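Fold and contact review
These are the residues of each chain, in order.
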Amino acid sequence: MKHIALIIILSVSTLCHVIGQEQIPLFNGKNLEGWINHGTEKWYVENGELICESGPDEAYGYLSTVENYKNFELTLEFKQEADGNSGVFLRSTFEGTKVTGWQVEVAPPTKHTGGIYESYGRGWLIKPDPNKDHILKMGAWNSMKIVANGPKITTYLNGVQMVQLEDGKIGNGEGAIALQIHDGGGIKVKWRNIKLKPVE
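Residues numbered from 1 in each chain as written. Predicted model: local features only at pLDDT ≥ 70, side-chain atom pairs only at ≥ 80, totals over all residues. Heavy atoms only, no water.

A separate point is the overall build of the protein chain. Of the regular secondary structure elements, the protein chain holds two helices and 15 strands. Buried residues in the protein chain amount to 44% of all 200 residues. Partitioning the contacts of the protein chain with sequence separation of at least 6, the portion at a separation of at least 24 is 64%. Looking at the protein chain as shown, the accessible area adds up to about 10,000 Å², and 52% of this sits on carbon and sulfur atoms. (Helix = DSSP H or I, 4+ residues; strand = E, 2+ residues; numbered from the N terminus. Buried < 20%, exposed > 50% of the residue type's maximum accessible area, 1.4 Å probe, protein only. Contact = heavy atoms within 4.5 Å. Areas by Shrake-Rupley, 256 points an atom, 1.4 Å probe, with all protein chains shown as cover.)

A few words now on the sheet that holds strand β5 (residues 61-68). Reading across from one edge, β2-β5-β14-β7-β8-β9-β10 is the order of the seven strands in this open sheet, with antiparallel pairing throughout. Each edge of the open sheet is held by one strand with a lone partner, namely β2 (35-38) and β10 (123-126). Taken pair by pair, the neighbouring strands of this sheet meet at an average axis angle of 25°, ignoring direction. Pairing of β5 with strand β14 (residues 176-181), which is carried by five bridges, proceeds in the antiparallel orientation. Directly across from Y62, in β14, lies its bridge partner Q180. (Pairing = 2+ DSSP bridges. Axes fitted to C-alpha atoms, helices over the stretch in contact; angles between N-to-C directions.)

Moving on to the layout of surface pockets. Volume-wise, the largest pocket comes out at about 230 Å³. Surrounding the largest pocket, 13 residues form its lining, Y60, Q103, Y117, Q180 and H182 being those nearest its centre. Looking at the lining of the largest pocket, the elements with two or more residues in it are β8 (98-106) and β9 (116-119). Counted by class, the lining of the largest pocket contains five nonpolar, six polar and two charged residues. (1 Å grid on protein atoms, 1.4 Å probe; cavity = no way out; pocket = protein on both sides within 12 Å on 5 of 7 lines; lining within 4 Å. Points joined across faces, edges and corners; volume = space filled by probe spheres on them. Nonpolar A, V, L, I, M, F, W, Y, C, P; charged D, E, K, R; others polar.)

The next point concerns the side chain of Q180. The topology assignment puts Q180 in strand β14. On the basis of relative accessibility, which here comes to 3%, the residue Q180 falls in the buried class. In this structure Q180 touches W43, C52, Y60, G61, Y62, S86, G87, F89 and Q103, once residues within four positions along its chain are discounted.

Here's what the structure looks like:
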């Protein structure tokens, strides 16, 4: 009897662990529920896609999650139209359009997509090997994965590891996930299939 009870307990524990590791959709494909707009740039949903586009101010803009996320595996797809200078922020906080946190770069060719940049801080922390620049498909859909686990951040583009960084300051960071639109105008980027899986 004790043996059966132990099996049941272990089975329930395993099931709870698996459920805890399921992917959470951050974007519902219908509207911006669960997100906060910082700035005057355009964020809207069209044909099931989340689109960011330069507004009349041609300034920096951000769309951040309402919830904060610490350790996770984030997957998404992006398609750059026009200039395509954007990014994915993690463990970030906001004062208007001033962001404190870390950006995984999304940018045109030769502009270090997949690298990690610290806003209002140390600047570039790590850039991908230039020989990986061809992995970005400008004007087509790209897949990105970001694994944040304590002080270690690993980024992937179209299935290829771009960078891996271990940094104590990032490890101590707390905050939201956010998408960025760069200043300068003429930018348009589409996003879809934004999903997060917690890392324990």
